[in-house]
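A structural walkthrough
Listed below are the residues making up each chain.
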Amino acid sequence: MNILAIDTSCDETSVAVTDGRKVLSNVIYSQVLLHKKWGGVVPSIAKRAHEERIDFVVEESLKKLYHQKNLFTSELASRLSAGPVTPRSSSESEGSLRRSFAQTSTRLTNYSDFFANKIDYIAVTQGPGLAVALEVGIKKAKELAKKYQKKLISVNHLEGHIYSVFVQNSKGNPKRDFKFPYLALIVSGGHTEFVIFKNHLEYEIIGQTLDDAAGEALDKAAKLLGLGYPGGPVIERLAYEVGNVDSHSFPRPMLKSKDLNFSFSGLKTSFYYFLKKNPNKTSEVKLLASSFQEAVFDTLIKKTEKAIKQTGINRLVVGGGVIANKRLRNLMRSLVKKYQGEVLFPTYKYLTGDNAAMIGVVAAYKAEKGLFVEDIDQLDRIPRMNL
Ligand code: KG4
Ligand code: ZN
């Protein structure tokens, strides 16, 4: 069952083709360079860039699928190597088949036929995300679903980040199976949430940030330090260079509260005032970056420990852009070791950030349950969509 999935929730235009948990092709056209000079995502720029790029990204994703050895080419190859081929239609001669086989490695010859034959369903991110950005993907998904008469599946972007841990490459790796329930943590630029992942498509939110997300806090700190956008990767590198020291002990917000919620805006404010009072301190940028990162991660780890104790669940899945960070991965690994548990991260780096592959994988489970969009014209974006 091949699903063509689209995600335009924020600043990446992404289209993937998936089959169950396997990714057959995934294309991500990032807008990071467009937003960099503004220090964050500018909605009007994001909308225009998605609109300009979406057709190209859909086509690239299909081309990648077309070149997958085990699909079209091998099907054709096996028909050819089996001896005289029987044309499937009047326009298909053996000569034309051989010619098209020779061309498969260079170009996609018949886009529409290929789409119609190889794609079973269309999936799209409905929310949460930037309204004007979500809109672009939804419009394209509706257009394709109508044109090719395919059923449409709407997906919550946060479900995608949770399932990203179980996404496989085209060969079906990693093989990990589902062992419910999981304690899921989503740590991205827009979200910091604890969720009990009870079974397929069954979630319970048990904690979330009351203001800024963890990635957003890192991005804002990087901006204050003049490090550019996005902040997470550059802070990780600078912190690593000084051995991830915590020389400044910035506050760890909400650690004393009994709930599993987060608040990172106070940390950002105290960082801001520290820099204001100590302007010369920007020369210590590596130590400051490292200490800020430690404050964010220490808070995440301590709250995760609380969540393990409160739920009794020691199997974790962690998804979202921030879990690309090796320091955070190591801290999570040590934590679960203490509780004889396990923690799963997305296996491939592109799966930590925004991507359509994870949306396609969720859609496969929705398709299995018959959860399709009933009235395509009525489908609308939900910028503040909950799980
Ligand atoms: O999941 P994502 O791509 O987009 C959202 O759905 O928000 O997450 C982006 C966030 C940004 O805040 C970025 O700074 C952070 O993930 N990030 C990182 C790293 N790579 C990306 N944070 C820490 N360390 C990294 N290596
Ligand atoms: Zn995301």
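Right above here is the structure, for reference.
A brief structural summary. Quantities reported herein were computed from a predicted structural model and do not represent experimental measurements.

Each value, and the rule that gives it
Residues numbered from 1 in each chain as written. Chains lettered and ligands numbered in written order. Predicted model: local features only at pLDDT ≥ 70, side-chain atom pairs only at ≥ 80, totals over all residues. Heavy atoms only, no water. Helix = DSSP H or I, 4+ residues; strand = E, 2+ residues; numbered from the N terminus. Buried < 20%, exposed > 50% of the residue type's maximum accessible area, 1.4 Å probe, protein only. Polar contact = N/O pair within 3.5 Å; in protein donor to acceptor, adjacent residues only side chain to side chain. Contact = heavy atoms within 4.5 Å. Pairing = 2+ DSSP bridges. Axes fitted to C-alpha atoms, helices over the stretch in contact; angles between N-to-C directions. Core = buried A, V, L, I, M, F, W, Y, C linked by side-chain atoms within 4.5 Å. Phe/Tyr/Trp six-rings, centres within 6.5 Å; stacked < 30°, edge-to-face > 60°. Lys NZ or Arg CZ within 6 Å of the ring centre and 35° of its normal. Salt bridge = Lys/Arg side-chain N within 4 Å of Asp/Glu carboxyl O. Near = heavy atom within 4 Å. Areas by Shrake-Rupley, 256 points an atom, 1.4 Å probe, with all protein chains shown as cover. Nonpolar A, V, L, I, M, F, W, Y, C, P; charged D, E, K, R; others polar. Domains from an automatic or database assignment.

**Digging into the side chain of Thr 125**
- Among the secondary structure elements, Thr 125 is positioned in strand S4 (residues 121–127).
- Assessed through its relative accessible area of 2%, Thr 125 is described here as buried.
- Among the polar contacts listed, one links the side chain of Thr 125 to the side chain of Asp 7, at a separation of 2.6 Å.
- Residues in contact with Thr 125, not counting those within four places in the same chain, are Ile 6, Asp 7, Ser 9, Leu 134, Ile 138, Val 155, His 157 and Ile 359.

**As for the sheet that holds strand S2 (residues 12–19)**
- Taken in spatial order, the 5 strands line up as S3-S2-S1-S4-S5 in an open sheet, and their pairing is mixed. Edge positions in the open sheet fall to strand S3 (22–30) and strand S5 (151–156), since each of these has one partner strand only. Neighbouring strand axes in the sheet, compared pairwise and without regard to direction, differ in orientation by 20 degrees on average.
- As paired elements, strand S1 (residues 2–7) and S4 share 4 bridges and run parallel to each other. Its bridge partner being in S4, Ala 5 is matched across the sheet by Ala 123.
- Strands in contact with helix H6 (residues 131–148) are S1, S4 and S5; relative to S4, the strand with the most contacts, it is inclined by about 160 degrees.

**Details of the nonpolar core**
- Judged by nonpolar contacts, the single largest core of 42 residues is most densely connected at Val 187, Val 296, Leu 300, Leu 328 and Met 332.
- Looking at this core, the elements that each hand over two or more residues are strand S6 (182–187), strand S7 (192–199), helix H8 (214–224), helix H9 (231–241), helix H10 (265–277), helix H11 (285–311), strand S9 (315–319) and helix H12 (326–338).
- Among residues more than four places away in sequence, those in contact with Leu 328 are Val 187, Phe 297, Leu 300, Ile 301, Val 322 and Ile 323.
- With 35 residues, the next largest nonpolar core counts Tyr 203, Val 362, Ala 363 and Ala 364 among its residues.

**Concerning the packing of aromatic side chains**
- Under the criterion given, the structure shown has 23 aromatic pairs.
- Here Tyr 163 and Phe 197 contribute two aromatic rings whose centre-to-centre distance is 5.2 Å and whose plane-to-plane angle is 70 degrees, an arrangement assigned as edge-to-face. With Tyr 163 in helix H7 (residues 157–163) and Phe 197 in strand S7, the pair connects residues that are 34 residues apart, well separated along the chain.
- Members of the aromatic cluster, joined through ring pairs, are Tyr 163, Phe 166, Phe 178, Phe 180, Tyr 182, Phe 197, Tyr 203 and Tyr 365.
- For the cation-ring pair, Lys 151 lies above Phe 372, with the distance from its terminal atom to the ring centre recorded as 4.7 Å.
- When the ring centre of Tyr 182 is taken as reference, the NZ or CZ atom of Arg 315 above it lies at 5.8 Å.

**Quick notes on the pattern of salt bridges**
- Here the structure, examined in full by the defined rule, presents 20 salt bridges.
- A salt bridge links Glu 216 to Lys 220, with the nearest nitrogen and oxygen atoms 3.3 Å apart. Of this pair, Glu 216 and Lys 220 are both found in helix H8, 4 residues apart, which corresponds to roughly one turn of the helix.
- Taking the relative accessible area as the measure of exposure, Lys 220 reaches 28% and is therefore partly exposed.
- Each member of the salt-bridge network shares a partner with another, and the members are Lys 47, Glu 51, Glu 135 and Arg 381.

**Some remarks on the site of ligand 1**
- Around ligand 1 there are 21 residues in total, and Gly 189, Asp 219, Gly 232, Glu 236 and Gly 321 lie nearest to it.
- For ligand 1, an oxygen atom lies 3.5 Å from a polar atom in the side chain of His 161.
- Interatomic distance of 3.1 Å between a backbone N/O atom of Gly 215 and an oxygen atom of ligand 1.
- Protein chains bury 87% of the 550 Å² of accessible surface belonging to ligand 1 in isolation.
- Among the secondary structure elements, those contributing two or more residues to the shell around ligand 1 are H7, H8 and H9.
- Among the elements that make up the shell around ligand 1, the one with the highest residue count is H9 (4 residues).
- Here the residues of the shell around ligand 1 sort into 5 nonpolar, 13 polar and 3 charged.
- Domain assignment of the residues forming the shell around ligand 1 places at least three in each of domain 1 (2–165 + 352–378) and domain 2 (177–346).

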